[in-house]
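Given next are the chains, with one letter for each unit.
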Number of protein chains: 2
Amino acid sequence: MINSQVPLFINENLETENFITGAEAHHASAVLRLREGTKIQITNGKGKLIKVVVTNISKNRIDYSVNEICELPKLPYNLHLAVAPTKNIERYEFMIEKCTEFGFSALTPVICEHSERSIVKADRLNRIVIAAAKQSLKAYFPVINESCKLKEFILQHKNIEKKYIAVCNFDDRISVNEVAELHKDTIVLIGPEGDFSNSEVDFAIESGFIPVTLGSSRLRTETAGIAVCHSFYLKSC
Amino acid sequence: MINSQVPLFINENLETENFITGAEAHHASAVLRLREGTKIQITNGKGKLIKVVVTNISKNRIDYSVNEICELPKLPYNLHLAVAPTKNIERYEFMIEKCTEFGFSALTPVICEHSERSIVKADRLNRIVIAAAKQSLKAYFPVINESCKLKEFILQHKNIEKKYIAVCNFDDRISVNEVAELHKDTIVLIGPEGDFSNSEVDFAIESGFIPVTLGSSRLRTETAGIAVCHSFYLKSC
């Protein structure tokens, strides 16, 4: 288990390296001013956590010796959010931060007909995920995919069994609360500020996506993303 | 019912005035460039909605004649959030925006022992509520109270039956999902970045507040506020 009292660091190459470099090492040496002998925790973001003791510190590198290796349990749900990027990217980033705190599996920015933004920097979003994951003590990091046109995304994911589209004006919808299931691969599509076009909704439904409602309020795109993620998180509580 | 296709404006003095002035009038004339004969909707934020036709437009004043008067149903839950202000006020504002989209009744910024911020401008928070309420088509606006010291808040609300405190490290907690009930006056206390002090938790519990958990993730203050509000909103879906 992750100890909330001990600083958490990230090393994606945990299996082969027993040192941290780069921004993580800088944070440890210059910001937290760690000393030799300090206990820290390191995760690879893929469920592995090691508890170590710092053996040597320089400005850009922290060496350590491993005390304990833990394999942490996976998230009890497998939620892939496919969310149109918002015009104001800060709103999207805030959504990613909140969803990381709750926990989710993957995010794909889907570019829709009514999207006012078609460029999203996955790198920057990844940095937000990592900061939020460290802050909320996660050993599994969600994957941020490169953006993708909506119809391509739909075609690529035709074979996923549990797939839903959050639509605003549609008569026959079930609640996201009813479809939030644990231990299933699930995709939820969320549209842009101007909503999905009718032809996009038709195409998704023809491809097996089931319309869902997030309740009677008209939610912004990023609020819808947070609401979907929290609905799954609540099921795991 | 609020029509999502017709612009929504606010007039707190709906009962006595048949015109809008100030920022709302400016928005109507300069931004939306409304014309005489246009249909608009106006709410007082207390459940009343009127459907009107614009009869006269000047830069700072819109006159109208009323076509229809509606009394909209109240929110099916009565949730008072008492949340410690965050160090970065933007996070708090984002929380208020998201909670307004879902719907809640009142917010009191509570100043705690570990709070890094003791000044909150209720005026500014109110402007965020109003913008979010317009955007998400609400006819009931949540009330933003002036900030209050935690212990004073607890003493003032001793007689509310359903009152909870979200605590991080506490053995005996029930899930917020179980306590989210409709049609009851409910208060949920959420602590600052450094959490409540032990004496604050003890004082709340002695005063009848029941400890609740928001799940196994370590959530930021503003994320906790959003999660609590969404839990109540989901019960109403």
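As a starting point, this report considers the structure included with it. (Residues numbered from 1 in each chain as written. Chains lettered and ligands numbered in written order. Predicted model: local features only at pLDDT ≥ 70, side-chain atom pairs only at ≥ 80, totals over all residues. Heavy atoms only, no water.)

Considering the sheet that holds strand β3 (residues 39–43) of chain A
Residue and element names in this part refer to chain A. An order of β1-β3-β4-β5-β2 is seen for the five strands of this open sheet, with the pairing classed as mixed. Pairing within the sheet leaves two strands with one partner each, and these edge strands are β1 (8–10) and β2 (19–21). Each neighbouring strand pair of the sheet contributes to a mean axis angle of 45°, computed without reference to strand direction. Pairing analysis gives three bridges linking β1 to β3, with the strands arranged parallel. Opposite L8, over in β3, you have Q41 as the bridge partner. The sheet contacts of helix α1 (residues 22–31) involve β1, β2, β4 (48–58) and β5 (61–71), and relative to β2 the element is tilted by about 100°. (Pairing = 2+ DSSP bridges. Helix = DSSP H or I, 4+ residues; strand = E, 2+ residues; numbered from the N terminus. Axes fitted to C-alpha atoms, helices over the stretch in contact; angles between N-to-C directions. Contact = heavy atoms within 4.5 Å.)

Remarks on the relation of the copies chain A and chain B
Each copy superposes on the other: chain A lies on chain B with an RMSD of 0.0 Å after a rotation of 180° and an axial shift of 0.0 Å. Considering both components of the superposition, the chain copies are consistent with a two-fold axis. A symmetric contact is evident, with 100% of the interface residues of chain A recurring at the interface of chain B. (Least-squares fit on C-alpha atoms with pLDDT ≥ 70 in both.)

Examining the packing of aromatic side chains
Counting across every chain of the model gives five aromatic pairs over all chains. Taking 3.2 Å as the distance between ring centres and 35° as the angle between the ring planes, the aromatic pair formed by F94(A) and F94(B) counts as tilted. Residue F94(A) is found in helix α2 (residues 89–102), and its partner F94(B) is found in helix α2 (residues 89–102); the two belong to separate chains. On the numbers, 5.2 Å between centres and 35° between planes, the contact of F102(A) with Y233(A) is tilted. Of this pair, F102(A) sits in helix α2 while Y233(A) sits in helix α7 (residues 221–235); the two residues are 131 residues apart in sequence, bridging distant segments of the chain. Look at Y233(A) and you get buried, because its relative accessible area is 1%. Sitting over the face of the ring of F94(A), K98(A) holds its NZ or CZ atom 4.7 Å from the ring centroid. (Phe/Tyr/Trp six-rings, centres within 6.5 Å; stacked < 30°, edge-to-face > 60°. Buried < 20%, exposed > 50% of the residue type's maximum accessible area, 1.4 Å probe, protein only. Lys NZ or Arg CZ within 6 Å of the ring centre and 35° of its normal.)

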